[in-house]
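Letter by letter, the chains look like this.
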Amino acid sequence: MTPGTAISFDQIVASEDKFQLATYKKMAIAAERGEGVWIYGSDGQKYLDLYGGHAVAGTGHCHPHVVKALQKQSEQLLFYSNLVYSETRARAAEKLVSVAPAQLSKAFFCNSGTEANENAMRMARMFTGRENIITFSGGFHGRTADAISATFLGKYREIGKPNVPGHLEAEFGNIQSVNAVADESVAAILLEPIQSMAGVRTAAAEFFRNLRDICDQRGIVLIFDEVQTGIGRTGEWFFAGSRAADGVVPDIVSLAKALGSGVPVGACLVTDSVASKIKENDLGTTFGGGMFAMAAVIATLEAIEQDQMLENVRRVEAHLRERLKEVEQVISVKGRGFLLGLEFAEKSAPIHKALLERKIIAGTSSDPHVLRLLPPLCLGVEEVDLFVDVLRNCF
Ligand SMILES: Cc1ncc(COP(=O)(O)O)c(C=O)c1O
């Protein structure tokens, strides 16, 4: 390929396939440009993005406020490590803590969701002096050693063999199954409050209250993996503290994905109590808290506020649920806000394909009957109407 000269879609595919490991099944799109809920391919085609690049594009693609903040930051300072103070980092941490439930008073920045979970589990072990972690069948927590060992979903633990010891499995939504394993060896209970990849599985609010009670009674740290549910996706800043959680606030929340609008950044939010046990050098990462990522965090949170995206998610979710009643093939709509699972009696893969042929990007899940929607939080009713009309045409 000659630098500076345009190349065809086929050449892009050939080159990517030649020079990269074949670890992803890709859609036949070469994404070139994005704006709000739209992605433009190298061939000029326009796609409605109901997947947000794995739930990352929370503020939509290239939100002007985020782009401007990143342009400004990149001219000022791209990076310096945690060995110096930074106004941008100070503002990012303060802003993030300000939108979180009051009990979550301190942030630790890292680079991804799996890393946030690794650090969350490590903090729980440090805090309790215990080793075991309870996670749930169907939960996904990432692909690094400890996180993949905590992932009782499909083939993932197998990929991560030999697994890190000290991981116990319970059944999501079943408090008896937690009771049975939550003994004095357990440092933490870690869960996705909505199990996204498993097919957008939810649990009753009472389940979260019961988990909180078990943790309080037995000195166990409660961790919500809000890598997907956090930063506005459910129509609230976090699942933690929401009505769906019966107001339960965990001791640690892990975050990533939408937190940086596409700039890689992860975080753990922790209570004062957990923070009090974490000392200098207990945790660390070179890139965590870098200025470019921190500028992305600030601008992301500001954009969500300025454009009233939380309200938008709730309003547009209601409209989508209403309109989906017209599609008889949709037998249930699972999830909350813009983390939705459309369940079909038939397999969803052909529907996913038919949507893509009609220029709509949706997501699959590990439940073959569930199609996942994780759109930008700025998705509007017009785009929902377009989606439902197209979906009806797919059958
Ligand atoms: C709930 C959840 N936790 C953790 C992760 C891992 O995040 P990352 O891919 O940024 O490491 C993911 C990624 O899909 C996720 O969905």
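Residues numbered from 1 in each chain as written. Predicted model: local features only at pLDDT ≥ 70, side-chain atom pairs only at ≥ 80, totals over all residues. Heavy atoms only, no water.

Burial runs high along strand E5 (residues 132-136): 5 of the 5 residues are buried. Judged by which residues are buried, E5 turns out to be covered on both faces: Asn132, Ile134 and Phe136 on one side and Ile133 and Thr135 on the other are all buried. For E5 and strand E7 (residues 186-191), the ladder comprises 3 bridges, and the chain directions are parallel. Paired with isoleucine 134 across the strands is isoleucine 189, a residue of E7. Looking at chain direction, E5 and strand E6 (residues 167-170) are connected through 4 bridges and run parallel. Across the sheet, phenylalanine 136 pairs through a bridge with alanine 170, a residue of E6. (Buried < 20%, exposed > 50% of the residue type's maximum accessible area, 1.4 Å probe, protein only. Helix = DSSP H or I, 4+ residues; strand = E, 2+ residues; numbered from the N terminus. Pairing = 2+ DSSP bridges.)

It is worth spelling out the sheet that holds strand E11 (residues 330-336) at this point. To summarise the sheet geometry, strands pair through backbone hydrogen bonds and adopt either a parallel or an antiparallel arrangement. Ordered by their spatial adjacency, 3 strands build an open sheet running E11-E12-E14, and the pairing between neighbours is antiparallel. The outermost strands of the open sheet, each flanked by one partner alone, are E11 and strand E14 (370-373). When strand polarity is set aside, the average angle formed by the axes of neighbouring strands in this sheet is 20 degrees. Looking at chain direction, strand E12 (residues 339-344) and E14 are connected through 4 bridges and run antiparallel. Within the sheet, the bridge partner assigned to leucine 342 lies in E14 and is leucine 371. The strands that helix H12 (residues 309-324) touches are E11, E12 and E14; relative to E11, the one it contacts most, it runs at about 170 degrees. (Axes fitted to C-alpha atoms, helices over the stretch in contact; angles between N-to-C directions. Contact = heavy atoms within 4.5 Å.)

Count 3.6 residues to each turn of an α-helix, and residues three or four apart come out pointing the same way. Compared with an ideal rise of 1.5 Å per residue, which puts 14 residues at 20 Å, helix H9 (residues 205-218) spans 20 Å between its outermost C-alpha atoms and is within 8% of the ideal. Residues Phe207, Phe208, Leu211, Arg212, Ile214 and Cys215 constitute the buried set of H9. The buried residues of H9 occupy an angular sector of 165 degrees when projected down its axis, which confines them to one face. Exposed positions of H9 whose direction lies more than 90 degrees from the buried face are Glu206, Asp216 and Gln217. Of the surrounding secondary structure, the elements contacted by the buried residues of H9 are E5, helix H8 (175-181), E7 and strand E8 (221-225). Looking one or two residues beyond H9, the residue adopting positive phi is glycine 219, at roughly 65 degrees. (Expected span 1.5 Å × (residues − 1). Arc of directions from axis to C-beta.)

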